[in-house]
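One-letter residues, chain by chain:
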Amino acid sequence: MGLTGGIGSGKSAVARRLEGHGALIVDADQISREVVEPGTSGLEEIAAEFGDDVLTEEGRLDRPRLGEIVFSDTAKLAKLNAIVHPRVGARTEELMKGASADAVVVYDVPLLVENDLGGLYDVVVVVDVPEEEQVARVVHNRGMDADQVRARINAQAARDRRRAAADIVVDNSGTPEDLDARVAEVWEYLRTRA
Ligand code: ADP
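In the annotation of an unreviewed UniProt entry, the entry for the protein chain reads Dephospho-CoA kinase, and the organism field reads Streptomonospora alba. Quoted verbatim from the Sequence similarities (unreviewed entry) heading of the UniProt record, the comment on the protein chain is "Belongs to the CoaE family." For the protein chain, the Pathway (unreviewed entry) comment in UniProt is given as "Cofactor biosynthesis; coenzyme A biosynthesis; CoA from (R)-pantothenate: step 5/5."

Trainee: Outline the site of the ligand, supporting the account with residue identities and numerical values.
Mentor: By nearness alone, 15 residues border the ligand, and Gly-8, Lys-11, Ser-12, Arg-142 and Asn-172 come closest of all. Contact distances for the ligand include 3.4 Å between a nitrogen atom and a side-chain N or O atom of Arg-137. Between the ligand and the protein, one listed contact pairs a nitrogen atom with a side-chain N or O atom of Asn-172 at 2.8 Å. Contact with the protein chains hides 77% of the accessible area of the ligand, taken as 560 Å² for the molecule alone. Mapped onto the shell around the ligand, the elements with two or more residues apiece are helix H1 (11-21) and helix H6 (131-142).

Trainee: An account of the nonpolar core is needed here, citing residue identities and associated values.
Mentor: Residues Ile-46, Phe-50, Val-54, Leu-61, Leu-66, Leu-80 and Val-84 are the most contacted members of the largest nonpolar core, which totals 26 residues. Among the elements of the structure, helix H3 (41-50), helix H4 (63-71), helix H5 (74-97), strand E3 (105-108) and strand E4 (124-128) are those that each provide at least two residues to this core. No other element matches the four residues that H5 contributes to this core. Apart from residues no more than four positions distant in its own chain, Leu-66 is found in contact with Ile-46, Phe-50, Val-54, Leu-61 and Leu-80. Judged by nonpolar contacts, the second largest core, of 19 residues, contains Ala-23, Val-106, Ile-168 and Val-183.

Trainee: An account of the sheet that holds strand E1 (residues 2-5) is needed here, citing residue identities and associated values.
Mentor: Taken in spatial order, the five strands line up as E2-E3-E1-E4-E5 in an open sheet, and their pairing is parallel. Sheet topology places strand E2 (24-27) and strand E5 (168-171) at the edges, where each strand pairs with a single neighbour. Averaged over all adjacent pairs, the angle separating strand axes in this sheet is 25 degrees, with direction ignored. Pairing analysis gives two bridges linking E1 to E3, with the strands arranged parallel. Within the sheet, the bridge partner assigned to Gly-2 lies in E3 and is Tyr-107.

Trainee: Tell me about the side chain of Asp-108, and please be specific about residues and values.
Mentor: Positionally, Asp-108 belongs in strand E3. Salt bridges are absent for the buried Asp-108, whose nearest opposite-charge side chain, Lys-11, sits at 5.5 Å. Here Asp-108 is in contact with Leu-3, Lys-11, Ala-15, Val-26, Asp-27 and Ala-28, once residues within four sequence places are set aside.

Trainee: Got a sec to walk through the UniProt feature "binding site: ATP" (unreviewed entry) in the protein chain? Specific residues and values, please.
Mentor: In this numbering, the UniProt entry assigns the feature "binding site: ATP" (unreviewed entry) to Gly-8, Ser-9, Gly-10, Lys-11, Ser-12 and Ala-13. Setting aside anything within four residues of it in sequence, one finds Gly-10 in contact with Val-127 and Asn-172. Structurally, Ser-12 can be placed in helix H1. Judged by relative accessible area, which is 42%, Ser-12 ranks as partly exposed.

Trainee: I'd like to hear about the pairing of E4, residue by residue, with values.
Mentor: Each regular strand shows side chains that alternate between the opposite faces of the sheet. Judged by how many residues are buried, E4 sits mostly within the fold: five of five residues are covered. Of the two faces of E4, the one holding Val-124, Val-126 and Asp-128 and the one holding Val-125 and Val-127 are both buried throughout. Here E1 runs beside E4; their pairing, made up of four bridges, is parallel. Residue pairing for E4: Thr-4 is matched across the bridge by Val-126. As defined by bridge partners, E4 adjoins E5 across four bridges and the pair is classed as parallel. By the bridge assignment, Val-125 is partnered in E5 with Ile-168.

The rules behind each value
- Residues numbered from 1 in each chain as written.
- Predicted model: local features only at pLDDT ≥ 70, side-chain atom pairs only at ≥ 80, totals over all residues.
- Heavy atoms only, no water.
- UniProt positions renumbered as here; feature names shortened; annotations may be inferred.
- Near = heavy atom within 4 Å.
- Polar contact = N/O pair within 3.5 Å; in protein donor to acceptor, adjacent residues only side chain to side chain.
- Areas by Shrake-Rupley, 256 points an atom, 1.4 Å probe, with all protein chains shown as cover.
- Helix = DSSP H or I, 4+ residues; strand = E, 2+ residues; numbered from the N terminus.
- Core = buried A, V, L, I, M, F, W, Y, C linked by side-chain atoms within 4.5 Å.
- Buried < 20%, exposed > 50% of the residue type's maximum accessible area, 1.4 Å probe, protein only.
- Contact = heavy atoms within 4.5 Å.
- Pairing = 2+ DSSP bridges.
- Axes fitted to C-alpha atoms, helices over the stretch in contact; angles between N-to-C directions.
- Lys, Arg positive; Asp, Glu negative; His and termini not counted.
- Salt bridge = Lys/Arg side-chain N within 4 Å of Asp/Glu carboxyl O.

What follows is the structure in structure tokens.
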């Protein structure tokens, strides 16, 4: 299953609950950081391609700097993806090998809709809340300021587009207990499918 939603929609909250029911969670952001940690061939290739400018003084990947370079240059972005994507794929395969044949595997993929990845999953679940709720929750819980959150929302897929890509929409505009109940329903469905 592919799990997605805008910033602050509650993807992590849903993933945690599914994990509690017994799902195997694969976190795309975490994996894409792992494969470019210092000492990996991923980071070595990135430095060879983009220069030491994209490394911090401690020798870690300087993501904002790399982001600036690839943001407006699709050829460079393609080069970066050619380094990162196969490694994410290989690591994901490795994690999958640890799962039993009837496991429910949940891929937490923030940019699933933006990158048009729905076809990779049997079921796409979108966590949905009104934008003002996204802003309020992220401001309250992560201390970002409201304008930063709005800018991020505007850079992500629009709510309608994300919902249109869903097999299942999880409305997370209610309480955490409401979310418990909704996730339990989704879990029952996923188990049946698995
Ligand atoms: P995402 O992973 O999509 O960015 P999170 O799961 O981290 O979103 O949720 C964003 C914030 O909102 C977190 O601090 C989380 O605890 C809080 N949150 C999630 N669901 C609810 C809810 N139903 N009611 C209140 N707060 C919530």
